[in-house]
Number of protein chains: 2
Amino acid sequence: MTSEYKELTNYQKTTLDNGVRVITETVPYVQSISMGIWVHSGSRYERPEVNGICHFIEHMLFKGTDKRSAFTIAKEIDSVGGVLNAFTSKELTSFYCRVLSENTELAVDLLADIFLNASFPDDEIEREKQVVCQEIHQLEDSPEDLVHEILGIRFWRDDPLGQPILGTIPNIVKLDRNTLVGFKNQYYTPDETLICAAGKLEHDAFVQLVERHTGKFPRSKADVYKIQPKSDASAHVEERDLEQVHVCIGMDGPSAVDPRRHAGYILNAVLGGGMSSRLFQEVREKRGLAYAVYSFLSSFSDTGIFGIYAGCDPERLQELLNIMGKETLELSRSITADDVSTAKSQIKGNIILAMESTDSRMNRLAKGEYYFGRRVGVDEILAALEAVTLDELRETADWMINEGRYTIVAVGPVGKDTDLFGYFRGL
Amino acid sequence: MTSEYKELTNYQKTTLDNGVRVITETVPYVQSISMGIWVHSGSRYERPEVNGICHFIEHMLFKGTDKRSAFTIAKEIDSVGGVLNAFTSKELTSFYCRVLSENTELAVDLLADIFLNASFPDDEIEREKQVVCQEIHQLEDSPEDLVHEILGIRFWRDDPLGQPILGTIPNIVKLDRNTLVGFKNQYYTPDETLICAAGKLEHDAFVQLVERHTGKFPRSKADVYKIQPKSDASAHVEERDLEQVHVCIGMDGPSAVDPRRHAGYILNAVLGGGMSSRLFQEVREKRGLAYAVYSFLSSFSDTGIFGIYAGCDPERLQELLNIMGKETLELSRSITADDVSTAKSQIKGNIILAMESTDSRMNRLAKGEYYFGRRVGVDEILAALEAVTLDELRETADWMINEGRYTIVAVGPVGKDTDLFGYFRGL
């Protein structure tokens, strides 16, 4: 890739009197606006006895406010053909929507209303418990999702980072209105809230709109429950009657602010990021062992996890584990300048292509602010990627991969004779 | 929604001397180009003994040509950070990529090379059989995907439209080079091939590029194997040890060219298309029966299927079936002018928002050409949607839903006492 990326500099940030930060990026040629209210709330801040509460609160915000019923919320957004949704992660919760720019005021009003004024009616809480229990059962029935979930629990051990975002059914059943409202009041504070928007907008007008709809937001400070995560070598099998065995192996990874994160992105691309990656070539193309095989890097504010996944027939599981182990463990020695050059171009191209989506831009605004307290431009990321050397990559690979802290999880008909640690034990 | 959609009219179509149609839409403000080679090949044109061959050919096109190995294909696209992929449906196969516009020539060269010159080496065929068998096993392990697959098989009965796109393992294992190359030569013909592109491009230059890379394309005519589909009331249970029962119910739906298709889109939106839809409100919001519940409409060139899906706990399956049956069967009587107005706005908004993606635009170019042989503009679709009356909706609902040809499929721990037809039998 030879071209230079031309950065838009339509970034603006305003902190309201109530402490909420409003961050926008104008994209003049689109007709839509993508906006999100983000709050520093997620499953790692939950005490074990209420694990699942953040995700449950996210659901309850759609169940009615003082002035809108659940049906009215749904109907208002459907009536303008917009998209309204939310997600809860381990560290952040986001309520977002995408509408034509002429519906910006409705979008701000609606998002601010559910965010600030959700009323948590008792009968809706009881019904939503059933919905969330169904969501947990659905995850249990999806082996690829399940193996990632178990990896998190096992990799982070006693740390709340390992807790499932959806929580557990016994926890969900016990939740009550006081606990929910109390938790929300503690964590949904203006200092921890961002309102980000990208698309057809004008910053000052957008800020005024937000101010009008969030003016009464009370100031307070969240108490964040967080302990330092640990990981150690371990293997865990969940026997299931399935066609395939689904395997995930987790290792240390850089945090979202670690200077080694760019090296982590490159290693992830080389090992399992695309069709030309080691795992795709060795596992799928050369041996036909799996249809789905990839690596992944999940970074949080102070730590991260690097992992690999594949699903294969039970009788070839040992062969799969050996190949995955070999490619992963040898990466720091086998990586070449040519691999690095391909991976850099691949990541850069993906980032630039993603910038054509206002949703991606809006997400990028929020993450820059949460992790760095400022704008992190695409030009800055591309320059940092370009600067990573082969030596840095080898050092980072040695730290991520070769320090021996593997967590191996297998879901499916694993069988007693499988040596899950296989190649990983050998080195 | 009050605004009028401003249609871009940067649509151009050229038929090359070899018969291939090249259709482009210039989107001046983006940096990327999304392009696809589309061919009239898919699982409904397969004789039963080779079911799965179209999807297998799609895979083989990535396994090397006279001048590129499988690894080179992967590496070239990764090196420019592009996206290269393909899909096979029941009627169409598409090989597509998205790259920065400066990489347009590489993209055309690469796509045309794999499309025209894939070499089908015997050893790669054998390895790819294993990959596709893994893909089939992965689908078997995903109950939501599986229930949709079984619905297709049962709904279309003996018609090839019901055959699984991936085929069956016994069929895949039997495929050989002669059969694959013979099928490809028969169906991958210039008259049945479209090359569509949307994004930063100039039509004449793009046509010249395509001409240079597809010049030798031999002219021939495909023999399309197709019989008229039939459906009838039937219920099918696949017992599985799962947390949830996954249910799909199929009914008649309009084809992609049926004048009633716009009524079909609206009925789909009202019944199960968004958060304010009947099924979402009645099944999830009011009763907490399911986390995932929706309706869908799949249209083909001459027929279609309308369906509903939900996943729930086994002990509430009968309640779920009764509610889904009631809402579906009563739709033609219960639908109101207000529902219709919301649904129209919802569909219009979704269409306009999708036009910000070059991939969506490229797909729309191909489908307009396949089904209508011409440009089908967004303005035309919006006008047709707006014109649908409540009477037409009731008539269409009576035909789609109330003629009694239901195919009901359940995957999971169904239990002997469940009356799958429940409410559906009552009317």
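Scoring rules and cut-offs
- Residues numbered from 1 in each chain as written.
- Chains lettered and ligands numbered in written order.
- Predicted model: local features only at pLDDT ≥ 70, side-chain atom pairs only at ≥ 80, totals over all residues.
- Helix = DSSP H or I, 4+ residues; strand = E, 2+ residues; numbered from the N terminus.
- Rg over C-alpha atoms; globule rule 2.2 N^0.38 Å.
- Buried ≥ 20, exposed ≤ 12 C-beta atoms within 10 Å, placed from the backbone.
- Contact = placed C-beta atoms within 7 Å.
- Core = buried A, V, L, I, M, F, W, Y, C linked by C-beta atoms within 7 Å.
- Domains from an automatic or database assignment.
- Nonpolar A, V, L, I, M, F, W, Y, C, P; charged D, E, K, R; others polar.
- Pairing = 2+ DSSP bridges.
- Axes fitted to C-alpha atoms, helices over the stretch in contact; angles between N-to-C directions.
- Least-squares fit on C-alpha atoms with pLDDT ≥ 70 in both.
- Expected span 1.5 Å × (residues − 1).
- UniProt positions renumbered as here; feature names shortened; annotations may be inferred.
- Parallel < 35°, antiparallel > 145°, perpendicular 65-115°, else oblique.

*Asks:* Give me the overall build of chain A: which residues, what numbers.
*Replies:* Scanning chain A from terminus to terminus reveals 17 helices and eleven strands. Relative to the globule expectation of 22 Å for 427 residues, the C-alpha radius of gyration of chain A, 23 Å, shows essentially globular dimensions. Along the first, second and third principal axes, the C-alpha set of chain A runs to 60 × 55 × 35 Å. Each of the 427 residues in chain A was classed as buried or not, and the buried ones make up 50%. Across chain A, contacts joining residues at least 24 apart in sequence account for 82% of those joining residues at least 6 apart.

*Asks:* Can you explain the nonpolar core? Please cite residues and give values.
*Replies:* Within the largest apolar cluster, 119 residues are counted, with the highest numbers of intra-cluster contacts made by M35, L111 and C196 of chain A together with V247, I266, V283 and L320 of chain B. By size, the runner-up hydrophobic cluster in this structure holds 118 residues, among which are I266 and L297 of chain A together with Y45 and M362 of chain B.

*Asks:* Describe the environment of N363 of chain A, and please don't skip the residues or the numbers.
*Replies:* Take N363 of chain A: it is sitting in helix α14 (residues 358–372). The spacing of N363 of chain A and S43 of chain A is 320 residues in sequence and 19 Å in space, taken between C-alpha atoms.

*Asks:* Tell me about the domain arrangement of chain A, and please be specific about residues and values.
*Replies:* Residue and element names in this part refer to chain A. Looking at the assigned domains, one finds that chain A contains domain 1 (10–214) and domain 2 (234–423). Spacing between the C-alpha centres of domain 1 and domain 2 amounts to 28 Å. With 32 residues of domain 1 at the contact, the number on the domain 2 side is 27 residues. Put simply, the parts of the chain that give the side of domain 1 that touches domain 2 at least two residues each are β2 (21–26), β3 (32–39), β5 (93–100), α5 (143–156) and β6 (193–199). For the side of domain 1 that touches domain 2, the leading source of residues is α5, giving nine residues. Of the residues contributing to the side of domain 1 that touches domain 2, the split by class is 19 nonpolar, six polar and seven charged.

*Asks:* Tell me about the interface of chain A and chain B, and name the residues and values.
*Replies:* Taken together, the 58 residues of chain A in the interface contact 58 residues of chain B. Those elements giving two or more residues to the side of chain A that touches chain B turn out to be α2 (70–79), β5, α4 (122–140), α10 (278–285), β9 (290–299), β10 (304–312) and α13 (337–354) of chain A. Classifying every residue of the side of chain A that touches chain B by side-chain character gives 19 nonpolar, 23 polar and 16 charged.

*Asks:* Outline the sheet that holds strand β5 (residues 93–100) of chain B, listing residues and values.
*Replies:* Residues and elements named next belong to chain B. Strand order in the open sheet formed by six strands is β1-β2-β6-β3-β5-β4, and the pairing between neighbours is mixed. Edge positions in the sheet fall to β1 (11–15) and β4 (83–88), since each has one partner strand and no second. The average undirected angle you get between the axes of adjacent strands in this sheet is 15 degrees. Here helix α8 (residues 203–214) sits on the sheet and contacts β1, β2 (21–26) and β6 (193–199); the angle it forms with β2, its principal contact strand, is near 145 degrees.

*Asks:* Summarise the relation of the copies chain A and chain B; cite the residues concerned and give the values.
*Replies:* The transform that puts chain A on chain B rotates by 180 degrees and translates by 0.0 Å along the axis, for an RMSD of 0.0 Å. Accordingly, the operation relating the two chain copies is best matched by a two-fold axis. Relative to the rotation axis, the C-alpha of S142 of chain A is the closest in chain A, positioned 2.9 Å from it. Mapped onto chain B, 100% of the interface residues of chain A are again interface residues, and the two copies thus contact each other with one and the same surface.

*Asks:* Describe in detail the environment of A290 of chain A, supporting the description with residues and values.
*Replies:* Tracing the chain through its elements places A290 of chain A in strand β9. The buried category is assigned to A290 of chain A, around which 29 C-beta atoms lie within 10 Å. Taking the C-alpha atoms as reference, A290 of chain A lies 5.8 Å from G311 of chain A; in sequence the two are 21 residues apart. If we skip the residues at most four places from it in the chain, A290 of chain A touches V283, R284, A310, G311, C312 and L320 of chain A together with Q134 of chain B.

*Asks:* Got a sec to walk through helix α11 (residues 317–329) of chain B? Specific residues and values, please.
*Replies:* Compared with an ideal rise of 1.5 Å per residue, which puts 13 residues at 18 Å, α11 of chain B spans 18 Å between its outermost C-alpha atoms and is within 8% of the ideal. All buried positions along α11 of chain B are accounted for by L317, L320, L321, I323, M324, G325, E327 and T328 of chain B.

*Asks:* Any chance you could break down the sheet that holds β9 of chain A for me, citing the residues and the numbers?
*Replies:* Residue and element names in this part refer to chain A. Strand order across the open sheet formed by five strands is β7-β11-β8-β10-β9, with mixed pairing between neighbours. Among the strands making up the open sheet, the edge pair consists of β7 (234–239) and β9. For this sheet, the mean inter-axis angle between neighbouring strands, taken without regard to orientation, is 15 degrees. Note: β9 against β10, eight bridges, orientation antiparallel. Residue pairing in the sheet places L297 in a bridge with F306 of β10.

*Asks:* Any details on the UniProt feature "domain: Peptidase M16 N-terminal" (unreviewed entry) in chain A? Residues and values, ideally.
*Replies:* Per the UniProt record, the feature "domain: Peptidase M16 N-terminal" (unreviewed entry) sits at residues 21–168 of chain A. Regarding residues 21–168 of chain A, the helix share stands at 44% and the strand share at 19%, and the terminal C-alpha atoms are separated by 33 Å.

*Asks:* I'd like a description of the pairing of β6 of chain B, backed by residues and values.
*Replies:* All names here are of chain B. Within β6, seven of the seven residues are buried, which leaves the element mostly enclosed by the surrounding structure. Judged by which residues are buried, β6 turns out to be covered on both faces: T193, I195, A197 and G199 on one side and L194, C196 and A198 on the other are all buried. Direction of pairing for β2 relative to β6: parallel, over a ladder of six bridges. Each bridged residue has a counterpart across the sheet, and for I23 the counterpart in β6 is C196. Sheet topology places strand β3 (residues 32–39) next to β6; seven bridges connect them, and they run antiparallel. Residue S34 lies in a different strand from β6, and its bridge partner there is A198.

*Asks:* If you had to explain the packing of helix α9 (residues 261–272) of chain B against helix α13 (residues 337–354) of chain B to someone new, which residues and values would you point to?
*Replies:* Residues and elements named next belong to chain B. Interaxial distance between α9 and α13 falls to 9 Å at its minimum, and their mutual angle equals 105 degrees. Relative to α13, α9 is oriented roughly perpendicular. Counting all contacts with α9, which are made through Y265, I266, A269 and V270, the residues of α13 involved are D339, V340, A343, K344, Q346 and I347.

*Asks:* Give me the pairing of β10 of chain A: which residues, what numbers.
*Replies:* Residue and element names in this part refer to chain A. Across the nine residues that make up β10, a large majority, nine, are buried. Residues of β10 alternate between two faces, with G304, F306, I308, A310 and C312 on one and I305, G307, Y309 and G311 on the opposite face, all of them buried. Relative to β10, strand β8 (residues 245–253) runs antiparallel, the two sharing nine bridges. Counterpart to C248 in the pairing with β10 is Y309. The antiparallel hairpin formed by β9 and β10 contains four residues in its connecting segment.

*Asks:* How would you summarise the packing of α2 of chain A against α13 of chain B if you had to cite specific residues and measurements?
*Replies:* In contact at an axis separation of 7 Å, α2 of chain A and α13 of chain B are set at 55 degrees when each is read in the N-to-C sense. Classified by the angle between their axes, α2 of chain A and α13 of chain B sit oblique to one another. Residues K75, D78 and S79 of chain A of α2 of chain A pack against T342, S345 and Q346 of chain B of α13 of chain B. Looking at side-chain class alone, the contact of α2 of chain A with α13 of chain B contains no nonpolar, four polar and two charged residues.

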